[in-house]
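# Structure at a glance
Chain residues, written in single-letter form:
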Amino acid sequence: MQTGTQILMIEDDDQDVELVRQFLEVKQTFPVTIEHSKTLSEGINLLKDSEEIDLILLDLCLADTQGLATFYQVHDSFPTMPLIILSGNSDQSVVQEALQEGALDFLVKGQFDDLSLQRSIQQALKQRQQSIETEYQDFTLDALSRQLKIAQQELEQLAEVDRLPQVYNRCRFDEAYLSEWSRLTREGAHLSLVLCEVDNLSAYRETYGDQVGEYCLQQVAEAMTKVAKRPADFVARYNDQTFIALLPNTDLAGATYLAEAIRTSVRAVPFPPEGWKVTHSPITLSLGVACQIPRVQVAPSLLIEAVHQALHFAQEQGKDRVQIHHTGCADPDLHSNQTLHWVSRLLRALERDQFQLYAQPIYPLRGERTTYSYEILLRLQDQPGVVCSPSLFLPMVEQYDFMTRLDRWVIKNLLSSLDQISSRNLLDLQFFVHLSSATCRNGELFDFLHQQFAHNDRNAQRFCFEVTENVALSHLTPVIELSRILKSMGCQIALDNFGSDMSAFINLKTLPVDFVKIDGLLVRDIAQDQIARGIVESIHNVAKVMGMQTIAEHVESDVILDEIANVGIDYAQGHYYDRAKPLLDVITAS
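In short, a report on the structure. (Residues numbered from 1 in each chain as written. Predicted model: local features only at pLDDT ≥ 70, side-chain atom pairs only at ≥ 80, totals over all residues. Heavy atoms only, no water.)

In this section: the sheet that holds strand β2 (residues 32–37). Pairing is parallel across the open sheet formed by 5 strands, whose spatial order is β2-β1-β3-β4-β5. Only two strands of the sheet have a single neighbouring strand rather than two, namely β2 and β5 (105–108). The sheet shows a mean angle of 20° between the axes of neighbouring strands, taken without regard to direction. Here strand β1 (residues 5–10) runs beside β2; their pairing, made up of 6 bridges, is parallel. Bridge pairing in β2 places Met 9 opposite His 36. (Pairing = 2+ DSSP bridges. Helix = DSSP H or I, 4+ residues; strand = E, 2+ residues; numbered from the N terminus. Axes fitted to C-alpha atoms, helices over the stretch in contact; angles between N-to-C directions.)

Right under this line is the structure:
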């Protein structure tokens, strides 16, 4: 029992107050101080002014209030305060309601003695102590949960940031590069890359040790982040010896100026630091610069190949210099060579099973999450330590027949992965799987799926096949036919990247689709661009009339989430929730 217990008795009968004092003095096991208020208003004011009251004894019949309304006024104002009712009303319906709504006990005047009163007070105070302990535990758990969330965010940040020079890593660069390529495709603005490498780094490491090499890399990283410092600029460590700067809305002249500023800044760094037994010589860089106005028909990998060629030429010309790529990244010869390179590389990866399935969750914006939906994404892993997003090169090779083989690899390996998972975990899973232009045209998918689904018909219901808006418009008749066949098997259909071509509205009613995935470029601008918001709202309204559900892609902040929720979008997908992760890791964690 607590020491120094203070009780507030709200009672207008002085004799009842005196009786309670006498009861609590008989065989007293704990010291008690009783405060007394004759009216409800006086008692509530005393409770507001005092933080030392431990318990309330309340009469229901007072000069300024009557009945259970008295209890409700006190309990609603001080819901955590222990309260015992002392009343002359013995109506069981009143007693039951008071106890159900939060009174800890109900003692009828004239029917309790000193022992029952003391037991009631002791029990009430014990319950309050337990409640305080529970609240403290909840507070502690909540604090730990917040700390864990912060730690998780820091771990995710560390996973994106290179350990040594504190710039982003290659995987994070690929994501940012593809995002900017898509955005600038719509805007028709320049995108530039600067790729640099420390000259003679391998020789430094062999002669003076790794510490000298690490120092050089640190200086390059610091110089690049100081020069490329606009909010949209992005600096990453591309591999062991090279760094890359992503410069949106920057033309070739601007990128060349920045590259030269990086080169001179690094060259001015004191090297070696004082006390190092290293030959005095400046740190020099070779830098390549390339620029492109992104277009739908140009693969993003062409700009990367161009900046690699520029860097290689700078090194061939004697190093310590900036070299720009002169011919333009849409040069037919470069495009042809790159296409053949990627076709060969992807065929080799298929033969060696060097792809990996990733998944990104899709969340409902209304109601409970009864089905766990994921978009299946493909990653190429044919180089040690590098996971490459096919979005860099697929636009360049989608017209080739081997893309059908790649689509089938995804479907077959997804089903194989599902076989490894407990059937209990598969009850409410749905997967969005992309189909290439080649697969949509060749008409052989039905037989393949029929064979794959033969051992488990329920798997068909877990598939929602995605076709991009561009493919659907370019091959409308075969896409409509394929969609009808897939739906007859129990699959669903989603129209991806919707909104990039306004003519798609006209053909939407002819396409038997279940979901419309709104172009991420529109979604990303919805908070600050009223036109983008109007287009998103129009797409949702048209889809709703046609019985389709909408999914917003590229949801990257709570501001965007609030906007699409206000529009009425059904589902959301993007980095606000989570980045894509290996399929089995995602499913087993759901």
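Turning next to the pairing of strand β9 (residues 285–292). The element β9 is largely enclosed, with a buried count of 8 among its 8 residues. Here β9 shows two buried faces, one formed by Leu 285, Leu 287, Val 289 and Cys 291 and the other by Ser 286, Gly 288, Ala 290 and Gln 292. The pairing of β9 with strand β10 (residues 321–324) spans 4 bridges and is classified as parallel. Each residue of the ladder has a partner; that of Val 289, found in β10, is Ile 324. Considered for its hand, the β-α-β crossover made up of β9, helix α10 (residues 301–316) and β10 is left-handed. (Buried < 20%, exposed > 50% of the residue type's maximum accessible area, 1.4 Å probe, protein only. Right-handed = clockwise from strand over helix to strand, strands pointing away.)

Before going further, it helps to examine the packing of aromatic side chains. All chains considered together, the criterion is met by 14 aromatic pairs. Ring centres of Tyr 177 and Trp 181 lie 6.0 Å apart, and the angle between their planes is 55°; on these two criteria the pair is classed as tilted. Note that Tyr 177 and Trp 181 are positioned in helix α6 (residues 170–187) at a spacing of 4 residues, about one turn of the helix. Both residues of the pair, Tyr 177 and Trp 181, count as buried. Between Tyr 576 and Tyr 577, the ring centres sit 5.3 Å apart and the planes meet at 80°, which makes this aromatic pair edge-to-face. The exposure class of Tyr 576 is partly exposed, given its relative accessible area of 36%. Arg 172 extends its terminal NZ or CZ atom over the ring of Tyr 168, reaching a point 5.7 Å from the ring centre. A cation over an aromatic ring shows up here: Arg 379 above the ring of Tyr 358, its NZ or CZ 5.3 Å from the ring centre. (Phe/Tyr/Trp six-rings, centres within 6.5 Å; stacked < 30°, edge-to-face > 60°. Lys NZ or Arg CZ within 6 Å of the ring centre and 35° of its normal.)

An order of β7-β8-β6-β9-β10 is seen for the 5 strands of this open sheet, with the pairing classed as mixed. Looking at the sheet topology across the chains shown, the edges are occupied by β7 (234–237) and β10. Each neighbouring strand pair of the sheet contributes to a mean axis angle of 20°, computed without reference to strand direction. Taken strand by strand, helix α9 (residues 252–267) contacts β6 (191–198), β8 (242–248), β9 and β10, and its axis lies near 165° from that of β9. Running at roughly 150° to β9, α10 makes contact with β6, β8, β9 and β10 of the sheet. (Contact = heavy atoms within 4.5 Å.)

By size, the foremost hydrophobic cluster in this structure holds 98 residues, and its most contacted members are Phe 173, Tyr 177, Phe 431, Phe 465 and Ile 564. Top element by residues in this core is helix α13 (residues 402–419). It accounts for 9 residues. In contact with Phe 465, not counting residues within four places along its chain, are Ile 411, Val 433, Leu 435, Leu 449, Leu 486, Cys 491, Gln 492, Ile 493 and Ala 494. Formed by 31 residues, the second largest nonpolar core is a distinct cluster that contains Val 227, Val 235, Ala 245 and Val 269. (Core = buried A, V, L, I, M, F, W, Y, C linked by side-chain atoms within 4.5 Å.)

At a closest axis distance of 9 Å, the pairing of helix α8 (residues 210–227) and α9 adopts a crossing angle of 140°. Considering their axes alone, α8 and α9 lie oblique with respect to each other. The element α8 and its partner α9 pack so that their crossing is right-handed. Of α9, the residues touching α8 (which contributes Gln 219, Val 220, Ala 223, Met 224 and Val 227) are Leu 258, Ala 261, Ile 262, Ser 265 and Val 266. (Parallel < 35°, antiparallel > 145°, perpendicular 65-115°, else oblique. Left-handed = near helix turned anticlockwise from the far one by under 90°.)

Honestly, it's all geometry; don't read function into it.
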